[in-house]
Amino acid sequence: RRSRASAPAVAMNLFADIWEKALEDHTPPPEPLLPALVKDDAASYVLQEKLLSLSGEDFRVKDSAGRTVMEVAGANLNLGGVVIDKLGLRDASGNQFCSVERRILAMTTCYDIYRDGELIGVIERELFGFTPVYKFEYRGGANGGEHNLKAEGSFSERKYTFKNGRGRTVARVGRNWMELFDEVDQYQVEIAAGVDAAAVLAVAVVIDEEHDEGKD
């Protein structure tokens, strides 16, 4: 990973919708990862890597007003010589609401999402295909397949979109232009109304982790 030389500045992309296809509203899932981030209107966030990060996967999420609305705390666990990645998702008050844990035995990139010890979702890179595709799927609970998400695009360039289970574009991610002046990863995240923003942000962090390891 790159050296951390200066504290990053946060800037919102105010002109994204001029060139991009408009996002389509989504019916909110009955049991989102973080209800506070399921909005009635489209929302814009900056996913920003923290300057001082021991794991290299500590992020904060800021809204268009510059308020921190979510944080991701990364950790590397050594289990009998096997190192696994684990991410803690925290709300605006610093309370952990989910953990995202890399599955040790898997044929492809796979992270399981737990709440209070119960598996509630999975992030997985599709094993076959000419181009990479990342999927987020809810497990258990009342969330139906139309709420699942699929990310497609240019992951090496960090520019991709999310579609829901009905094939509608509901979110997009791209590098924040302020990253040109700083030494940390920053992403502009645009999310349609009704979408589980925490799910989109969790997938974005997993993609950042995998491609920082050189797996483009």
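Residues numbered from 1 in each chain as written. Predicted model: local features only at pLDDT ≥ 70, side-chain atom pairs only at ≥ 80, totals over all residues. Heavy atoms only, no water.

Q: I keep staring at the overall build of the protein and nothing clicks. Help me out?
A: Of the regular secondary structure elements, the protein holds two helices and twelve strands. N-terminal to C-terminal, the α/β element order of the protein is α-β-β-β-β-β-β-β-β-β-β-β-β-α. Buried residues in the protein amount to 49% of all 216 residues. The long-range share in the protein, meaning contacts at least 24 apart out of those at least 6 apart in sequence, stands at 46%. Accessible surface, the protein as shown: approximately 10700 Å² in total, 50% of it carbon and sulfur. (Helix = DSSP H or I, 4+ residues; strand = E, 2+ residues; numbered from the N terminus. Buried < 20%, exposed > 50% of the residue type's maximum accessible area, 1.4 Å probe, protein only. Contact = heavy atoms within 4.5 Å. Areas by Shrake-Rupley, 256 points an atom, 1.4 Å probe, with all protein chains shown as cover.)

Q: Teacher, can you tell me more about the pattern of salt bridges here?
A: Close approach of charged atoms lets side chains of opposite charge pair. Applying the stated criterion to the full structure yields ten salt bridges. Salt-bridge contacts for Glu210 lead to Arg125; the nearest nitrogen and oxygen are separated by 3.4 Å. Of this pair, Glu210 sits in helix 2 (residues 197-212) while Arg125 sits in strand 7 (residues 118-125), and the two are 85 residues apart along the sequence. Glu137 serves as the salt-bridge partner of Lys135, at 3.8 Å between the closest nitrogen and oxygen. One continuous salt-bridge network, built from bridges that share partners, spans Lys135, Glu137 and Arg139. (Salt bridge = Lys/Arg side-chain N within 4 Å of Asp/Glu carboxyl O.)

Q: What am I meant to see in the nonpolar core here?
A: A general tendency of soluble globular proteins is for nonpolar side chains to be buried together. Core analysis: the largest hydrophobic core is formed by 48 residues, its most contacted members being Met70 and Phe162. A per-element tally of this core places helix 2 first, with eleven residues. Dropping the residues within four chain positions of it, Phe162 is found in contact with Leu149, Lys150, Ala151, Arg168, Thr169, Val170, Ala171, Val173, Val200 and Val203. (Core = buried A, V, L, I, M, F, W, Y, C linked by side-chain atoms within 4.5 Å.)

Q: Would you take a moment to explain the environment of Gly167 for this structure?
A: Inspection of the secondary structure puts Gly167 in the loop between strand 10 (159-164) and strand 11 (169-175). Overall, Gly167 belongs to the partly exposed group, its relative accessible area being 43%.

Q: Please clarify how the packing of aromatic side chains should be interpreted in this entry.
A: The geometry of an aromatic ring pair comes down to the distance between the two centres and the angle between the two planes. Summed over the entire model, instances satisfying the criterion amount to four aromatic pairs. Ring plane angle 90° and centroid distance 4.8 Å describe the contact between Phe136 and Tyr138, whose orientation is recorded as edge-to-face. Comparing Phe136 with Tyr138 shows no difference in burial state: the two are buried. The rings of Tyr134, Phe155, Tyr160 and Phe162 are connected pair by pair, giving a single aromatic cluster. (Phe/Tyr/Trp six-rings, centres within 6.5 Å; stacked < 30°, edge-to-face > 60°.)

Q: Is there a simple way to think about a negative patch on the surface in this case?
A: There is a patch of like negative charges on the surface, built from Glu24, Asp25, Asp40 and Asp41. Along the polypeptide, Glu24 turns up in the loop between helix 1 (16-19) and strand 1 (43-49). The exposure class of Glu24 is partly exposed, given its relative accessible area of 31%. (Patch = residues over 30% accessible without salt bridge, like charges linked within 9 Å, V, L, I, M, F, W, Y side chains within 5 Å. Lys, Arg positive; Asp, Glu negative; His and termini not counted. Charge placed at Lys NZ, Arg CZ, Asp CG, Glu CD.)

Q: Which parts of the structure should I look at to understand the pairing of strand 8 (residues 134-138)?
A: Along a regular strand, successive side chains alternate from one face of the sheet to the other. Burial along strand 8 is one-sided: the residues Tyr134, Phe136 and Tyr138 are buried and none of Lys135 and Glu137 is. Here strand 8 pairs with strand 9 (residues 149-154) via three bridges, running antiparallel. Bridging across to strand 9, Tyr134 finds its partner in Ala151. (Pairing = 2+ DSSP bridges.)

Q: I'm lost on a nonpolar patch on the surface in this one. Help?
A: The grouping of Met107, Leu127 and Phe128 at the surface amounts to a nonpolar patch, some 410 Å² of accessible area in total. Here Phe128 shows up in the loop between strand 7 and strand 8.

Q: Mind showing me how you'd approach empty space enclosed by the protein here?
A: In this approach, a probe sized like a water molecule rolls over the atoms, and the result shows the empty space that is left. Overall, the coordinates contain one cavity of 30 Å³ or more when judged by the stated rule. Around the largest cavity sit Glu57, Asp85, Leu87, Tyr111, Val205, Val206 and Glu209, which together line it. Of all the secondary structure elements, the ones that give two or more residues to the lining of the largest cavity are strand 4 (82-91) and helix 2. At three residues, the largest contribution of residues to the lining of the largest cavity is made by helix 2. Broken down by class, the residue content of the lining of the largest cavity amounts to four nonpolar, no polar and three charged. (1 Å grid on protein atoms, 1.4 Å probe; cavity = no way out; pocket = protein on both sides within 12 Å on 5 of 7 lines; lining within 4 Å. Points joined across faces, edges and corners; volume = space filled by probe spheres on them. Nonpolar A, V, L, I, M, F, W, Y, C, P; charged D, E, K, R; others polar.)

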